[in-house]
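Coordinate analysis (summary)
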Amino acid sequence: MALIDCPDCTKRISDSAAACPQCGYPVQNRARDNHADSARDPRPPLPQPPDASVPARASHAGGVIVAFKCPMCGGAAQPRSRSCSYCGALLLITGAAALLHQSVDAAELARATGRWKGVLSERPHDIEATYALGMLYLQAGLHDVAIAHLRRAIDLMPESALARYNLAQALLNVSDAAQLLKAHQEAREQIEFCLKIDPEFKEAASWRQVFLATDRINTPQESIPLLYEAVQRCPDVPEFYESYAFGLLNGSHYPTALQTLQTAVSLNPRSSFSHVMMAFALFRTDQCAKGIPWGEKAISLFTASELKWVQAYCHNALALCLWKHGDRPGAIRHIEVAVGLAPNYVPFSQNRDLIKGVTTASQSAPRPASAGTGAKIAAEIGGAFIRGLLR
């Protein structure tokens, strides 16, 4: 028996231990088989298929694909786990917040990508490597490449509910407005396939409810119950609270929307969309002094990949709060930004005229860029409305 360093916590442990007694890291086989590699490479080795002519298969349960190995470290994943129990990497993407606000070590990401690319170069039909690269590229923000690999993984293993679900999330996070509607439709199709394979996939079921609600955005009495059901299925996912709050605002249910947005912000304090909806709800309830800091915070939370429509929505809401609060110069400044970001969207131009005094409040009511205009927005600004709703 010899002492070795635990690959995860670096404590000294026996080389015959099945797992580290300090942190629980599984080390027995790795320690016995490759001491030198353990010191140099602290992650489990990437899986190899048993036969070059047969693609590696992910774990099954009753014929349903339930888990791949972790793309980052190669560790075994539990069915429908959202993150790796060994390294914390994303395994199941609940929404944009999970991608935008993840903590990824660039060196680890590059190392894992290189290792899986090595596997794929030797075995071009390796499902595990193809899927892993798709997930890693997605976490790196390379959406087009990620989508191509995830589609390829589904071609190799069409019965994988997990691959279809994560492909849908990649499609929902495309930044090119010209591709948005097409990507949105494909995402819906993948979610439907996912649920046919695995009807108990709760995250997928919630996203289906959100999609159904977008079809009924002009009839709040139909869309709101669908969005509420999405929240009930996954009460820890901020995107579903945001979507539910959006529906409530669309139906003028402002007190409930404010409560829902408080929950959304508590789950994801860095969401610009939650903050701007809070600003608009406060504007609608004549609490503009409270709405101003929410609008300012929304703008401060913009990320490099923030859609122009979301940015325009934020500037529009803040402009309305400032205008109602008596700060016309500040309101004009922000509404001009909103119009510049979405020049073809008429309600922002109408709000600009109202704020500048070109029209009166009785002639043109302030527009939220939401109620009753879903189809029109989608047509005018490349479908970014749908992306905004799903953020």
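What you see is a predicted model; the values in this text were computed from it and never measured. (Residues numbered from 1 in each chain as written. Predicted model: local features only at pLDDT ≥ 70, side-chain atom pairs only at ≥ 80, totals over all residues. Heavy atoms only, no water.)

Some thoughts on the overall build of the chain
Keep this limit in mind: Counting from the N terminus, the helices are the DSSP runs of H or I reaching at least four residues and the strands are the DSSP runs of E reaching at least two. For the exposure calls, accessible area comes from a 1.4 Å probe over protein chains only, and a residue counts as buried if that area is under 20% of its type's maximum, exposed if over 50%, partly exposed in between. Residues count as neighbours in contact if any of their non-hydrogen atoms are within 4.5 Å of one another. Under the convention used here, a 1.4 Å probe and the Shrake-Rupley method define accessible areas, while residue burial counts only the protein chains that appear.
The helix and strand tally for the chain stands at 19 helices and four strands. The buried share among the 391 residues of the chain stands at 55%. Nonlocal contacts in the chain, meaning residues at least 24 apart in sequence, comprise 55% of its contacts between residues at least 6 apart. Surface exposure of the chain reaches about 16,600 Å², of which carbon and sulfur atoms provide 52%.

Some remarks on the environment of Leu-167
Of note, Leu-167 is situated in helix H7 (residues 161–172). A relative accessible area of 0% places Leu-167 in the buried class. The spacing of Leu-167 and Leu-150 is 17 residues in sequence and 5.8 Å in space, taken between C-alpha atoms. Leu-167 has contacts with Ile-147, Leu-150, Arg-151, Ile-154, Glu-186 and Gln-190, leaving out every residue within four places of it along the chain.

Focus on the pattern of salt bridges
Condition: One side-chain nitrogen of Lys or Arg within 4 Å of one carboxyl oxygen of Asp or Glu is enough to make a salt bridge.
Inspection of the entire model under this criterion finds eleven salt bridges. Glu-186 is the salt-bridge partner of Arg-151, the closest N and O atoms lying 2.5 Å from each other. You can see Arg-151 sitting in helix H6 (residues 143–156) and its partner Glu-186 sitting in helix H8 (residues 177–197), a full 35 residues away along the chain. In this structure Arg-151 comes out as partly exposed when scored by relative accessible area, which is 37%. Judged by its relative accessible area of 17%, Glu-186 is buried. Its salt-bridge partner being Arg-352, residue Glu-336 comes within 3.3 Å of it at the nearest N-O pair. Separated by 16 residues along the polypeptide, Glu-336 in helix H16 (residues 328–341) and Arg-352 in helix H17 (residues 346–356) bring together distant segments of the chain. Residues joined in a network through salt bridges with shared partners are Arg-82, Glu-203 and Asp-236.

Topic: the packing of H7 against helix H9 (residues 202–215)
A pair of packed helices can be characterised by two numbers: the angle between their axes and the separation between those axes. To keep it simple, the criterion reads: Under this scheme, a helix contributes an axis fitted over its contacting stretch, all axes are lines through C-alpha atoms, and angles between N-to-C directions fall in the 0 to 180 degree range. The scheme is simple: roughly parallel for angles under 35 degrees, roughly antiparallel for over 145, roughly perpendicular for 65 to 115, oblique for anything else. Left-handed is the label given to a crossing in which the near helix is rotated counterclockwise from the far helix by less than a right angle, and right-handed is the label when the rotation is clockwise.
Relative orientation of the contacting elements H7 and H9 amounts to 40°, with a least axis distance of 11 Å. Comparing their axes, H9 and H7 come out oblique. Two packed elements cross with a definite hand, and for H7 against H9 that hand is left-handed. Contact residues: Tyr-165, Gln-169 and Leu-172 in H7; Glu-203, Ala-204, Trp-207 and Phe-211 in H9.

Things to note about the packing of aromatic side chains
The test is simple: Any pair of Phe, Tyr and Trp rings, taking the six-membered ring for Trp, is counted once the centres come within 6.5 Å. Such a pair is stacked with planes under 30 degrees apart, edge-to-face with planes over 60 apart, and tilted for the rest.
Counted according to the given criterion, the structure contains nine aromatic pairs. Ring centres of Phe-68 and Tyr-131 lie 3.9 Å apart, and the angle between their planes is 15°; this geometry places the pair in the stacked category. Pair noted here: Phe-68 is in the loop between strand S4 (64–67) and helix H3 (96–100) and Tyr-131 is in helix H5 (residues 127–139), with a separation of 63 residues, a long-range link. A residue is classified by how much of its surface remains accessible, and Tyr-131, at 2% relative accessible area, is buried.

Regarding the packing of helix H10 (residues 220–233) against helix H11 (residues 238–250)
Where H10 contacts H11, the axes come no closer than 9 Å and their chain directions differ by 160°. Accordingly, the angle class assigned to the pair H10 and H11 is roughly antiparallel. Remark: the crossing between H10 and H11 carries left-handed chirality. Between H10 and H11, the residues in contact are Pro-220, Ile-224, Leu-227, Tyr-228, Ala-230 and Val-231 and Phe-240, Tyr-241, Ser-243, Tyr-244, Gly-247, Leu-248 and Asn-250, respectively.

Brief notes about H17
One turn of an α-helix holds 3.6 residues; hence residues three or four places apart share an orientation. The set of residues buried in H17 consists of Pro-347, Phe-348, Ser-349, Asn-351, Leu-354 and Ile-355. Where the residues of H17 are buried, they touch helix H15 (308–325) and H16. A positive phi of about 90° marks Gly-357, the residue just after H17.

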